[in-house]
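Chain by chain, the residues:
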Amino acid sequence: MTAKTGEQYLDSLRDGRVVQHAGERIEDVTAHELTRAGAATLADLYQDQHRDGTRELLTYVRDDGKRVTGSYMLTRTREEQAHRREIIEHYSRRTFGVFGRGLDMISMLHLGLVAHHPTFVEDCPEFADNILRYRDYAEENNIHLAEVIADPQGYRGRVNGTPFDATPPERATLRVVKQDSEGIWISGCKVVGTASVYAHEVMIGTIHAKVDDESFWCVVPMNAPGVTIFLREHTHLPNTNRRDHPIDAQGDEFEALLAFEEVFVPNERIMSLRLTKHHGVNIYNDWARLEHWYTFVRVTVKAELYAGLAQLIVDTLELGGVSAVRQRVSQVFEYAAILRSLVIAAEEQAKESPYGLLEPDMATVSVGRTYALSHLPEIHHILQDICGQGLMLRFSPADLETKAAFGQKLSWFLDTKATSAEDKNLVMNLVWDATCSAGASRMQLFEQQNGLPVPFLRERVYSEYDRDQAVSDCRNFIGLPDVERVPYAPILSQALGGRGKA
């Protein structure tokens, strides 16, 4: 078995990587108070690959007899596609759906490159097979892959007035600064690098290159000489515990700016180079179909967890007899059920990629992600609303044991018929972490910026939804002759340049 254990994963992060936070270097991400909880959470997920109850789910046996991680599984059949979805669902449930860049997420982007391998063979034959070789390498070494594609906002504002043929230093975008027979050297910065501090390697890509030297896709180790990881301000509470903050205690994923100072990339780690015409948003979205499906499955699992949490609040506060509360909670159930139905529909309409991998129907995935993001604030509000005063009045175990009045402890005034004050506190702490805390605000921002925000997802829905037959039926019904409709092709490059990917 080649899948890493939790301890092997932690050992692999002690690799000399350069991590900066608040002007100081974090020497060991597995030990520092800001990053150790996140590293430990992912290590526990790695360990699930070896536990009796989850080994068969999270790993699989290849044709050569090796048992490997399921994160890089090639899904050519409905059964394999369902297996891969169940892996996503497992990791999402284990983290309450808040690790948006889990250990098996960006592997889906690389599998998207595999799915469209023939495109690379046609247009970039000298590097195309690196895509297949890297998948084998990543699978056998259980690589946690990060991703940076967007350019920093600051330079984007300056580049608008700069000619496309400008040379450094006027253009500061990450670019190839040197090349020889062994590989390329790259310099510049990319964002948003979510969870890159916990990753082994990072995939670097270009959505809409302006000049040839900015157009490339490659993979770089996080500890490569010249790579610096700049972490944003932390949002979780260091050294907290699972009882007080059940989600927050898992640690902060951390977004990051990755700086590259003449970083060498050997030829075998280059997937494409100087193919400006193939780095527009449309072709990227072809490659990212599996990644978008992953995101949709994760948010569906989180919706189902919210449904369970809503009922747990009702049970805890004994609100089942209140009609208004039942109707509010039913909205959470509807939200979860609609998203699950769309997951099933997307998989039922899956089509083969040029390489023979199954890709769920993207129009349905885009509809589902749009619906999920549009209604997420309302779902959070419902969970907060049905908690009433309990969400604001959360107390420590020490306070609950302190005498308050009538000779009784504080807990005596907060117990319900069915639930002790301490257990009620646990429920309220979970609601707080899911909807109110700094970490919850960060996660809501992440969901809004992960891939595309709602307006641009709706642009995708407009371009992807198949309505040709329905339009033809309407025309025929009123006697209008059929005409060939010109497909809508949204231009999202400019918008994506600003919004990026979380």
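Let us look at the structure shown here.

Quick notes on the rules
Residues numbered from 1 in each chain as written. Predicted model: local features only at pLDDT ≥ 70, side-chain atom pairs only at ≥ 80, totals over all residues. Heavy atoms only, no water. Helix = DSSP H or I, 4+ residues; strand = E, 2+ residues; numbered from the N terminus. Buried < 20%, exposed > 50% of the residue type's maximum accessible area, 1.4 Å probe, protein only. Polar contact = N/O pair within 3.5 Å; in protein donor to acceptor, adjacent residues only side chain to side chain. Contact = heavy atoms within 4.5 Å. Core = buried A, V, L, I, M, F, W, Y, C linked by side-chain atoms within 4.5 Å. Salt bridge = Lys/Arg side-chain N within 4 Å of Asp/Glu carboxyl O.

### What about the side chain of Glu359?
Tracing the backbone shows Glu359 in strand E14 (residues 358–359). Take Glu359: its relative accessible area is 5%, and that puts it in the buried class. There is a polar contact of 3.2 Å between the side chain of Glu359 and the side chain of Arg289. Apart from the residues within four sequence positions on either side, Glu359 is in contact with Gln81, Ala115, His116, Asp286, Arg289, Leu290, Ala350, Lys351 and Ser353.

### What to know about the environment of Glu27
Following the sequence through the fold, Glu27 ends up in the loop between strand E2 (24–26) and helix H2 (36–47). By relative accessible area, which is 59% here, Glu27 ends up exposed. Glu27 sits 12 residues away from Asp15 along the chain, and the two C-alpha atoms are 9.6 Å apart.

### Quick word on the nonpolar core
If you look at the biggest cluster of nonpolar residues, it comprises 122 residues, and the most contacted ones within it are Ile186, Ile204, Val220 and Phe260. With 13 residues, the top contributor of residues to this core is helix H10 (residues 289–317). For Ile204, the contacting residues outside a window of four places in its chain are Val148, Leu174, Ile186, Lys190, Phe216, Trp217, Cys218, Val220 and Phe260.

### So, the pattern of salt bridges
According to the stated counting rule, one finds 40 salt bridges in the structure shown. For the salt bridge of Arg14 with Glu7, the shortest nitrogen-to-oxygen distance reads 3.9 Å. The class of Glu7 is partly exposed, set by a relative accessible area of 46%. The partner of Glu348 in a salt bridge is Arg78, with the nearest N and O atoms 3.8 Å apart. Here the residue Glu348 occupies a position in helix H11 (residues 323–348), and Arg78 occupies one in helix H4 (residues 78–94), the gap between them amounting to 270 residues. For Glu348, a relative accessible area of 54% gives the class exposed. Given the relative accessible area of 38%, Arg78 is considered partly exposed.

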